[in-house]
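# Structural description and commentary
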Amino acid sequence: VFEKGKRSKPEPPAISRSAWDTGPREETVLVPIKLCNLPPFPPAAGRLLACSEADGDVTGVASVVGGDPALAAEVLFLANSSLFGFPARIQSLRHAVAVLGISCIRQLATTLALRALRGAGPFVRPCWRHSLACAVIAEKFAPLFGCVAEHGYTAGLMHDIGRLGFLRSYPSEIGAVLAAGYSDGDEFLAAERTAMNASHGEAGAWLIEYWTLPPAFSEICARHHDPFQESDSPLLTLIKLACRLADAAGYAAVRYRTGPGYDDVLQSDLPSLAGQFFPDEQAIRDEVESRLAAFE
Ligand SMILES: [Fe+2]
Ligand SMILES: [Fe+2]
C-alpha cells in the first residue's frame, strides 16, 4: 500500500497577484503558495514510510533512523519510556528496533516527524490530538477492514497533514476559521474553502506529493471528508470512519455545535462493521491519552 511512486517532484505554485496560487497546476486544485515554504518532511521518516515490509531489516531501519541524530535520540528516549515499560535499558538503536519491531519504529518515527512539523499556536494542539486519536482508532479498527494495523495508524496520523500545513503557513487565516463554531463538517469545509481557497484535504494531498511521500496518503488526505462509498479502498474507508470516531470521542479539531456520538458513528452502514465487536469509547480515550502523554 505504501510503496513509493516513481514521479518527479511537483513544481511549486507560481507566485500570483494575490496571496494565493492561481496557477500552474493542471488540476482545478489551487494551492496556497506559502505551503511551499514549509520545512521538508524529515527525510529519515520519509524513507521509513516508503519502505515496504519486505524492505525492512533491523540493521537497515536502525541505520536510517541513526542517520538523523535528533530522531535517533527521541526514538531511544521513547523506547525507554513508560510507553513500552521495558525493565532493562535499551542502549542502542539496533537493540530498540530488534525489541520493538520495525513497524513500531516506523510508527514512532512518523509520529515524531509530524510532531516536529506541527508548529505552535492555540489551534495546533487540538489538531495534533485529533490526528493522533485518528491514528490510534485506525490502528485498532484496521483488522475489521482487512488492513494492516500499522498502515491504519500511519494513514490516520497523516490524514489531516494539510490542516497542520495551513496552521503553520497561514496561522491567522485558518485560525479565524477554526475559532468559529459549525453545525457540521460541510459548513466547516465551506468556510475553510472561502478563507483558504482550498480544503485542508487538497492541501494535504499536495503536500504528500510535494514531499514525495507514498502516494497512497494523497487519496486519504483528499477524500477523508467525503461520504462513505462502496468503491472506496478499505484503507480510505477505515480512515473516514476513524476521523469521524475521533471527533465523536472528543478529539475534534473543529468546534462543532452538535455531532454524532461515538456509538452513532458506529451505526454507519458499513459491511465491515456488521456483527463486530468494537473497543468502547472509554477504552479508546484511555489509549489515546496514554499515547498523547508519551509524545507531549
Ligand atoms: Fe480532515
Ligand atoms: Fe480528521
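For the iron ion (ligand 2), every protein donor is listed as His130 (NE2), His159 (NE2), Asp160 (OD) and Cys243 (SG), and the spread of their distances is 2.1 to 2.4 Å. Here the iron ion (ligand 2) is ringed by four donor atoms whose angles at the metal span 81 to 164°, and the overall shape comes out irregular. We note that the donor set of the iron ion (ligand 2) lies within a single chain, spaced as H-x28-H-D-x82-C. A gap of 3.4 Å separates the iron ion (ligand 2) and the iron ion (ligand 1), which Asp160 links by coordinating each metal.

With their axes 9 Å apart at the nearest point, helix 7 (residues 149–158) and helix 12 (residues 216–223) run at an angle of 55° to one another. Taken together, the axes of helix 7 and helix 12 are oblique relative to one another. Two packed elements cross with a definite hand, and for helix 7 against helix 12 that hand is right-handed. Between helix 7 and helix 12, the residues in contact are Thr154, Ala155 and Met158 and Phe217, Ile220 and Cys221, respectively.

Attention now goes to the packing of aromatic side chains. This structure, assessed with the given rule, holds four aromatic pairs. Between Phe141 and Phe278, the aromatic rings sit 5.9 Å apart at their centres with planes inclined by 20°, giving stacked as the arrangement. With Phe141 in helix 6 (residues 124–141) and Phe278 in the loop between helix 14 (262–265) and helix 15 (281–295), this residue pair connects regions lying 137 residues apart in the sequence. Accessibility expressed as a relative area gives 1% for Phe141, which makes it buried. Seen in terms of ring centroids, Trp206 and Tyr210 are 4.6 Å apart; in terms of plane orientation they differ by 20°. Their pairing is stacked. Placement of the pair is Trp206 and Tyr210 together in helix 11 (residues 200–210), with a separation of four residues, close to one helical turn.

Our next topic: a negative patch on the surface. Taken together, the side chains of Asp263, Asp264, Asp280 and Asp286 present a region of like negative charge at the surface. Among the structural elements, Asp264 can be located in helix 14.

Opposite charge on two side chains permits them to pair, given that their charged atoms come into close proximity. According to the stated counting rule, one finds 14 salt bridges in the structure shown. Between Arg115 and Glu74 there is a salt bridge; the shortest N-O distance is 2.3 Å. With Arg115 in helix 5 (residues 102–117) and Glu74 in helix 3 (residues 69–79), the pair connects residues that are 41 residues apart, well separated along the chain. What makes Arg115 partly exposed here is its relative accessible area of 22%. Its salt-bridge partner being Glu187, residue Arg257 comes within 3.9 Å of it at the nearest N-O pair. Placement of Arg257 in the loop between strand 2 (255–256) and helix 14 and of Glu187 in helix 10 (residues 185–196) is noted, with a sequence separation of 70 residues between them. Judged by relative accessible area, Arg257 falls into the exposed class, the value being 56%. The exposure class assigned to Glu187 is partly exposed, which follows from its relative accessible area of 33%. Several salt bridges share partner residues, and in doing so they unite Glu219, Arg223, Asp226, Asp232 and Lys240 into one network.

Okay, the coordination of the iron ion (ligand 1) next. Donor atoms from the polypeptide that bind the iron ion (ligand 1) are Asp160 (OD), His200 (NE2), His224 (NE2) and His225 (NE2), placed at 2.1 to 2.2 Å. Note that the iron ion (ligand 1) binds four donor atoms; their angles at the metal cover 86 to 173°, and the shape is irregular. All donors of the iron ion (ligand 1) come from a single chain, and their spacing in sequence reads D-x39-H-x23-H-H. We classify Asp160 as buried; its relative accessible area is 1%.

Quick look at the side chain of Ser131 now. Structurally, Ser131 is set in helix 6. On the accessibility criterion, Ser131 (0% relative accessible area) is buried. Aside from chain neighbours lying at most four places away, what touches Ser131 is Leu114, Gly156, Leu157, His159 and Asp160.

Rules and cut-offs
Residues numbered from 1 in each chain as written. Chains lettered and ligands numbered in written order. Predicted model: local features only at pLDDT ≥ 70, side-chain atom pairs only at ≥ 80, totals over all residues. Heavy atoms only, no water. Donors = N, O, S within 2.8 Å, 3.2 Å for Na, K, Ca; no water. Tetrahedral: all angles 85-135°; square planar, octahedral: opposite > 155°, others 65-115°. Axes fitted to C-alpha atoms, helices over the stretch in contact; angles between N-to-C directions. Helix = DSSP H or I, 4+ residues; strand = E, 2+ residues; numbered from the N terminus. Parallel < 35°, antiparallel > 145°, perpendicular 65-115°, else oblique. Left-handed = near helix turned anticlockwise from the far one by under 90°. Contact = heavy atoms within 4.5 Å. Phe/Tyr/Trp six-rings, centres within 6.5 Å; stacked < 30°, edge-to-face > 60°. Buried < 20%, exposed > 50% of the residue type's maximum accessible area, 1.4 Å probe, protein only. Patch = residues over 30% accessible without salt bridge, like charges linked within 9 Å, V, L, I, M, F, W, Y side chains within 5 Å. Areas by Shrake-Rupley, 256 points an atom, 1.4 Å probe, with all protein chains shown as cover. Salt bridge = Lys/Arg side-chain N within 4 Å of Asp/Glu carboxyl O. Lys, Arg positive; Asp, Glu negative; His and termini not counted. Charge placed at Lys NZ, Arg CZ, Asp CG, Glu CD.

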